[in-house]
Every structure is written in structure tokens, then in C-alpha cells.
Amino acid sequence: MKPEKRIILCLAHMSGNEQKYIKEAFDTNWVVPLGPNVNGFEEDLKRFVASTVPSGRRGESQPEKTDKRDACAVRDFSEEDYPQSIEPHENNPERLWQEGDERLKDKQVVALASGTAAVHLSLVGVGVEAGDEVICQSFTFCASSHPVTYLGAKPVFVDSERDTWNMDPELLETAIKDRVKKTGKKPKAIIVVYLYGMPAKIEAIKAVADKYDIPLIEDAAEGLGSRYRGQVCGTFGEYGVLSFNGNKMITTSGGGALICPDEAARNNIMFYATQAREGYPYYQHEKIGYNYRLSNICAGIGRGQMTVLDEHIAHHRHLARLYAEAFAEVDGITFHDNPSPEMSSNFWLNTITIDPKLSIKGQENAYKSTVKSAVGGAAGVIHFVDSAHTDCEPNANVEALRVWLDGANIESRPLWKPMHKQPCYKDCAAYTNGVSEELFKIGMCLPSGPLVTDEDVAYIVKSIKEAIV
């Protein structure tokens with residue numbers, strides 16, 4: 001039976017503590033993009049990004065998977081951790097993280113209006129200017145690459161490797177060498193993404209960045225709570241980007257943050273985030289700045305959300321385990337799991353790939369109609385099109401399954417379309433190996449948020465099985 005509620009792809013859930021901080025903001029008249037909540041939220045985030053995981057819960061200490069049915073065995077939480085809501089200020093030994101990674105003690109966090117703003121300011125922070133080239137991961141959402149164009153620079157796209165679906169380190173080095181050969185200078189920065197929360201092969205990528213002395217920016221907008229060898233994703237490079245959009249691991253309704261390497265970098269980012277005002281007793285501007293600071297009201301939501309961050313991460317991983325175990329029994333459906341013990345995804349969105357040979361009911365009608373509202377339930381305005389076809393699109397069985405699930409009141413969506421296949425980037429250089437295009441054709445995202453229940457997962461899996469011919 002179709003549920004009365006629609007099972008949403010991913011929507012953040014309130015903790016109940018947000019009202020406390022919002023009320024304080026209104027009571028004290030701090031309704032501007034600065035104030036106690038902004039400061040407090042930044043401190044909460046700073047504490048988290050410099051955290052470690054308790055002994056025995058690191059991904060690398062777990063046993064390696066032996067077969068498909070042991071999917072999701074590599075994770076840094078245990079059954080007793082789920083569900084659990086923990087105040088970030090409490091010294092609670094049972095939480096999923098502990099304070100005190102000395103390697104990260106200098107890291108600072110600036111709360112901003114969006115993750116996109118964080119990407120933009122990270123590029124400003126490493127000195128990207130008009131005419132520069134920036135290497136970007138192709139398999140991602142456009143917010144990773146659009147800010148490059150804001151500065152008059154040009155993206156250079158690099159494809160993914162198959163294990164994590166993130167930037168291929170070997171192809172990255174190939175791209176750098178070729179850009180130097182063709183342009184006479186190095187790219188100004190590298191932006192790697194943690195797609196759907198999955199850690200990249202960040203040590204190998206950082207080794208390439210360090211070899212050529214190119215600043216590394218980590219777009220961890222989808223990766224809050226993901227770790228590589230126990231270290232928080234977003235803390236390996238020069239800057240790390242976080243997002244608190246309404247569909248992320250935690251939300252401020254809209255917002256983001258930038259992890260900075262030290263106090264000096266933090267102050268520089270703050271300067272540009274607040275319209276680049278010089279220290280005169282009147283408004284003087286010698287550089288172009290931006291209005292990018294997070295509202296004190298929104299930061300209050302974020303402070304409340306930090307009290308359930310552990311619970312949200314554990315819940316997403318719990319759902320991942322349910323999906324992995326269920327799809328281990330379904331021929332033609334493969335769950336994208338942690339590819340190695342050193343990687344621990346937050347499973348922000350749980351994803352599957354569908355064998356091109358798998359037949360889905362209604363497949364013959366795929367792409368017969370265009371989308372009338374934004375795919376994935378996103379707000380905003382879309383341009384209407386005459387045909388649903390482009391030169392790079394999901395296979396007919398993927399589209400047919402999306403339509404089937406939609407009819408069952410289940411929201412799903414294709415994977416991100418690679419940026420090197422987007423018309424707005426048709427003139428940009430791209431170093432490809434076919435991986436992201438192949439994954440785009442066969443991949444799908446499934447409901448994964450805090451509001452998705454065990455019963456919802458059972459219904460989703462049942463609906464997918466029913467769709468298979």
C-alpha cells in the first residue's frame with residue numbers, strides 16, 4: 001500500500017533545541033549577521049572538525065569486508081550508538097567523537113551564508129584571480145565549480161576513479177602536467193569533492209597537490225561527519241567547505257562554513273565576508289568584498305542542530321546498512337559502500353547503481369515527458385524544455401525506476417550530471433576516463449534523511465523489487 005506521506009530524499013530534522021537559541025537572539029535583539037549564536041556555532045564546529053573518533057571506532061580498525069553480504073561493516077559507530085543525541089559541550093565518553101586532534105588545533109571556522117559562498121571565499125583565500133585556471137572535480141554539483149567563474153577564472157575538470165566516485169589522483173597529475181605544458185603555468189587551486197559523503201582518496205590527492213605546490217580545497221558540503229583514517233573530511237587541505245542547506249546532515253535553513261588553516265587565514269576570510277571594510281572611522285574599501293556572513297538567527301538553528309549531529313550521522317549509517325543488506329539479495333542492483341577500511345562515509349545520500357540489462361516496468365515510456373518542477377524537490381524556477389533527451393543522460397531503466405518510485409510516493413533522483421557534460425562548461429578543458437559519465441547513466445540516489453524510518457527502507461526496497469520485470 002502506498003504511504004500517505006511522501007518519503008523525501010533527504011531533509012534535515014529539528015532537535016527541539018533550536019527555539020532556545022532563536023529566542024535568545026530575538027530577546028537580545030541580535031538579528032544581524034553577527035552575534036553570540038554565530039560565535040557559538042563557529043566554536044561548536046571548530047571543536048568538531050578538530051575531533052577524533054574513540055578508540056575501536058575508527059574505520060581502519062574494523063575488519064575488512066569479505067563478501068557483498070557483509071556490506072557496510074566498515075563504519076565508525078556501533079549498535080549501541082544509535083540513536084543518540086548528545087550536547088556538543090558535554091564531556092560524554094559515549095559520543096561518536098572526542099576532542100583533541102593535535103594536528104588540527106590551529107584550524108578555525110567561519111560561518112557563512114551558504115556552502116557556495118564558502119567555495120567562493122576559499123578561492124579568494126588562495127589568491128585565485130581572473131585568467132587563472134582551477135582544477136575541479138567533474139562529478140559533483142555545480143556549486144563546486146560556479147564560484148570559479150565568479151572570479152573570472154576558468155574550471156579545468158578532472159574525472160573520477162571507480163572506488164569512491166571522487167577525483168582520480170592519477171588523472172589529476174596528468175591534468176596538471178598538461179595544463180603547465182599548454183599554458184606555461186600551474187593551475188591556481190584544486191577543488192576535490194566528497195560526493196554523497198564518501199571520502200576521496202585524499203592522501204593521494206594531497207600528495208599530488210603538495211608535489212606541485214598547488215593549494216587544495218576540500219568541498220565537504222555533503223561530507224559533514226565523514227572521515228578518512230579517523231580525521232574529519234575537510235581538514236586535509238588549505239580550506240574545507242561545509243554546507244548547512246535544508247537537505248544536509250544538519251541545517252541552518254540555508255548556510256555554510258569555511259574551515260581555515262589558522263587565525264590569520266580566518267581573519268582574512270572574515271574581512272572578505274564582511275564587505276572588505278578597512279579600519280577607518282568611515283567606510284573605505286580597497287578590495288572587493290562580499291556580504292557572506294551567517295545570520296545570528298540561522299546560527300541559532302545551527303547550534304541546536306549540533307546537539308543531534310551524532311544522531312543524524314548514526315542514522316544515515318544505519319540506513320546505509322539496511323540498504324546494503326537488502327540489495328545484497330537483489331541481482332542487478334549494487335549499493336555504493338565504503339570501498340576500504342580507512343574510509344568512513346556519513347552516507348549523506350545512499351546510492352545504488354543499476355545494471356543496464358535490468359528491465360524496469362514502464363521502461364518503454366522513459367523520457368516521454370519533461371520535468372515540470374525541479375528534480376529532487378528543489379525550490380526555484382526551471383526553464384521548460386521541449387525534449388527530455390540530451391547527449392548524456394541516465395539509462396532508460398534508471399529513469400523508469402525514478403518514475404515508478406515517484407508513483408509509489410518515494411522521492412529519488414539521478415546522480416549528479418558531470419560538469420564537463422554541462423553546456424555552460426562546453427569550452428572548458430576536461431580530463432576524462434569515462435567513469436563519471438558511466439556512473440551518471442546507471443546511478444540513483446535513495447531517501448536517506450533523519451525522517452526516513454526502517455519501515456520506509458523496507459517499503460522502498462519492496463517497491464524497487466516490484467519494479468523489476
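The model shown is predicted, which means the values in this text are computed figures rather than measured ones.

## Let's talk about the overall build of the protein
Right, so step 1: If you tally the helices and strands in the protein, you get twelve helices and 15 strands.
Right, so step 2: Of all 469 residues assigned to the protein, the portion counted as buried reaches 58%.
Right, so step 3: Across the protein, the fraction of contacts at a sequence separation of at least 24, relative to all contacts at a separation of at least 6, is 75%.
Right, so step 4: Accessible surface, the protein as shown: approximately 19,600 Å² in total, 51% of it carbon and sulfur.

## Looking at the packing of helix 9 (residues 309-327) against helix 12 (residues 454-467)
Right, so step 1: For the pair helix 9 and helix 12, the least separation of the axes is 10 Å and the interaxial angle reads 30 degrees. Comparing their axes, helix 12 and helix 9 come out roughly parallel. The element helix 9 and its partner helix 12 pack so that their crossing is right-handed. Along its contact with helix 9, which presents H318, L319, L322, Y323, A326 and F327, the element helix 12 presents D454, V457, I460, V461 and I464.
Right, so step 2: For the contact of helix 9 with helix 12, the residue count by class is nine nonpolar, one polar and one charged.

## Some points on the side chain of T307
Right, so step 1: Position of T307 among the secondary structure elements: in the loop between helix 8 (296-306) and helix 9.
Right, so step 2: A polar side-chain atom of T307 sits 2.6 Å from the main-chain carbonyl oxygen of G304.

## Topic: the environment of A366
Right, so step 1: Tracing the backbone through its elements, the reader meets A366 in the loop between strand 12 (350-354) and helix 10 (396-407).
Right, so step 2: Placed 31 residues apart in sequence, A366 and N397 show a C-alpha to C-alpha distance of 7.6 Å.
Right, so step 3: Contact partners of A366, with chain neighbours within four places excluded, come to A396, E399 and A400.

## Notes on the nonpolar core
Right, so step 1: Residues I135, I190 and Y196 are the most contacted members of the largest nonpolar core, which totals 59 residues.
Right, so step 2: A per-element tally of this core places helix 2 (residues 36-49) first, with five residues.
Right, so step 3: If we ignore the near neighbours within four places in the chain, the residues touching I135 are V156, V158, M167, L172, A175, I176, P187, A189, I190 and I191.
Right, so step 4: Counting 34 residues, the second-largest nonpolar core is a separate cluster that includes L112, L151, M270 and Y292.

## Concerning the packing of aromatic side chains
Any two aromatic rings considered together are summarised by their centre-to-centre distance and by the angle between their planes.
Right, so step 1: The final tally for this structure, using the stated rule, is twelve aromatic pairs.
Right, so step 2: Consider the rings of F139 and W165, whose centres lie 6.4 Å apart with planes at 40 degrees: the pair is tilted. Residue F139 is found in the loop between strand 2 (133-137) and helix 4 (146-150), and its partner W165 is found in the loop between strand 3 (154-158) and helix 5 (169-183); the two are separated by 26 residues along the sequence. Neither residue differs from the other here; F139 and W165 are each classed as buried.
Right, so step 3: Measuring from centroid to centroid gives 5.3 Å for Y290 and Y292, while their planes differ by 15 degrees, and the two rings are stacked.
Right, so step 4: A residue is classified by how much of its surface remains accessible, and Y292, at 18% relative accessible area, is buried.
Right, so step 5: Here the aromatic cluster, defined as three or more aromatic residues joined through ring pairs, consists of F141, Y196, W348 and W416.
Right, so step 6: Directly above the ring of F48 sits R227, whose terminal nitrogen or CZ lies 5.7 Å from the centroid.

## Digging into empty space enclosed by the protein
Right, so step 1: Applying the stated criterion across every chain, the model contains two cavities of 30 Å³ or more.
Right, so step 2: Lining the second largest cavity, in full, are W165, L195, Y196, M198, H336, S345, F347, L349 and T351.
Right, so step 3: Of the residues belonging to the lining of the second largest cavity, the class tally is six nonpolar, three polar and no charged.

## Focus: the sheet that holds strand 4 (residues 189-193)
Right, so step 1: The strand order across the open sheet built from eight strands is 1-9-8-5-4-2-3-14, with neighbouring strands paired in mixed fashion. Whereas interior strands pair on both sides, the edge strands pair on one side only; in this sheet they are strand 1 (108-112) and strand 14 (430-431).
Right, so step 2: Where strand 1 lies against strand 9 (residues 256-260), five bridges are found, and the strand directions are antiparallel. By the bridge assignment for strand 9, V110 is matched with L258.
Right, so step 3: Each of strand 1, strand 8 (239-243) and strand 9 touches helix 2; the most contacted strand, strand 1, lies at about 135 degrees to it.
Right, so step 4: Along the sheet, helix 5 contacts strand 2, strand 3, strand 4 and strand 14; its crossing angle with strand 2, the most-contacted strand, is approximately 160 degrees.

## Details of the pattern of salt bridges
Right, so step 1: Scanning all chains against the criterion turns up 23 salt bridges.
Right, so step 2: Among the ionic pairs, R179 bridges to E133, the shortest N-O distance being 2.8 Å. Placement of the pair is R179 in helix 5 and E133 in strand 2, with a sequence separation of 46 residues.
Right, so step 3: Judged by its relative accessible area of 15%, E133 is buried.

## Regarding the sheet that holds strand 13 (residues 413-414)
Right, so step 1: The strand order 10-12-15-13 describes an open sheet built from four strands, whose pairing is antiparallel. Each edge of the sheet is formed by a strand with only one pairing partner; in this case those strands are strand 10 (333-335) and strand 13.
Right, so step 2: Bridge count between strand 12 and strand 15 (residues 443-446): four bridges; the pairing is antiparallel. From the neighbouring strand, N350 faces strand 15, where its bridge partner is L446.
Right, so step 3: Against the sheet, helix 11 (residues 435-442) engages strand 12, strand 13 and strand 15, with an angle of about 60 degrees to strand 15.

## Things to note about the confidence of the model for the protein
Right, so step 1: Averaged over all residues, the pLDDT of the protein is 89; the fraction at 70 or higher stands at 88%.
Right, so step 2: Counted against residues more than four places away or in other chains, residues 58-94, with its pLDDT under 50, gives 99 contacts.

Rules used in this analysis
Residues numbered from 1 in each chain as written. Predicted model: local features only at pLDDT ≥ 70, side-chain atom pairs only at ≥ 80, totals over all residues. Heavy atoms only, no water. Helix = DSSP H or I, 4+ residues; strand = E, 2+ residues; numbered from the N terminus. Buried < 20%, exposed > 50% of the residue type's maximum accessible area, 1.4 Å probe, protein only. Contact = heavy atoms within 4.5 Å. Areas by Shrake-Rupley, 256 points an atom, 1.4 Å probe, with all protein chains shown as cover. Axes fitted to C-alpha atoms, helices over the stretch in contact; angles between N-to-C directions. Parallel < 35°, antiparallel > 145°, perpendicular 65-115°, else oblique. Left-handed = near helix turned anticlockwise from the far one by under 90°. Nonpolar A, V, L, I, M, F, W, Y, C, P; charged D, E, K, R; others polar. Polar contact = N/O pair within 3.5 Å; in protein donor to acceptor, adjacent residues only side chain to side chain. Core = buried A, V, L, I, M, F, W, Y, C linked by side-chain atoms within 4.5 Å. Phe/Tyr/Trp six-rings, centres within 6.5 Å; stacked < 30°, edge-to-face > 60°. Lys NZ or Arg CZ within 6 Å of the ring centre and 35° of its normal. 1 Å grid on protein atoms, 1.4 Å probe; cavity = no way out; pocket = protein on both sides within 12 Å on 5 of 7 lines; lining within 4 Å. Points joined across faces, edges and corners; volume = space filled by probe spheres on them. Pairing = 2+ DSSP bridges. Salt bridge = Lys/Arg side-chain N within 4 Å of Asp/Glu carboxyl O. pLDDT = per-residue confidence, 0-100.

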